[in-house]
Amino acid sequence: MNKNRTMQEMDEQFKDCPVRTNTYEVDGVKHTVVSHFVGNRNINDVMFNYAYNRILNEMLHQVPTPATA
């Protein structure tokens, strides 16, 4: 895989792939997530790993918690 592709090249490569936009509110802050379905990763696994790492980092005080932010 060429890691030096331009945005135009990636737009062309993935133009037919499905896209979904969702807005979520976390701790009173709205976040917009644009999902581009271009591969075969399981979104449940990705989100679990993100949440797990976030909690672990908060417990180890490596990121500010909502109470201290």
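Here goes a summary of the coordinates provided. Everything numeric in this text was worked out from a predicted model, so none of it was measured. (Residues numbered from 1 in each chain as written. Predicted model: local features only at pLDDT ≥ 70, side-chain atom pairs only at ≥ 80, totals over all residues. Heavy atoms only, no water.)

**What about the pairing of strand β1 (residues 19–26)?**
Working note: regular strand, side chains alternate between the two faces of the sheet.
Working step 1: The pairing of β1 with strand β2 (residues 29–36) spans eight bridges and is antiparallel. Its bridge partner lying in β2, T21 is registered against V34.
Working step 2: Between β1 and β2, which follow one another and run antiparallel, lie two residues, and D27 among them has a positive phi close to 55°. (Pairing = 2+ DSSP bridges. Helix = DSSP H or I, 4+ residues; strand = E, 2+ residues; numbered from the N terminus.)

**Description of the pattern of salt bridges**
Working step 1: Counted under the stated rule, the structure contains two salt bridges.
Working step 2: With a closest N to O distance of 3.0 Å, E12 and K15 form a salt bridge. Taken individually, E12 and K15 each receive the classification exposed, so the pair is uniform in this respect.
Working step 3: Residue E58 is joined to R54 by a salt bridge in which the shortest nitrogen-to-oxygen separation is 2.8 Å. Highlighted residues: E58 and R54, both in helix α2 (residues 43–59), separated by four residues, approximately one helical turn. (Salt bridge = Lys/Arg side-chain N within 4 Å of Asp/Glu carboxyl O. Buried < 20%, exposed > 50% of the residue type's maximum accessible area, 1.4 Å probe, protein only.)

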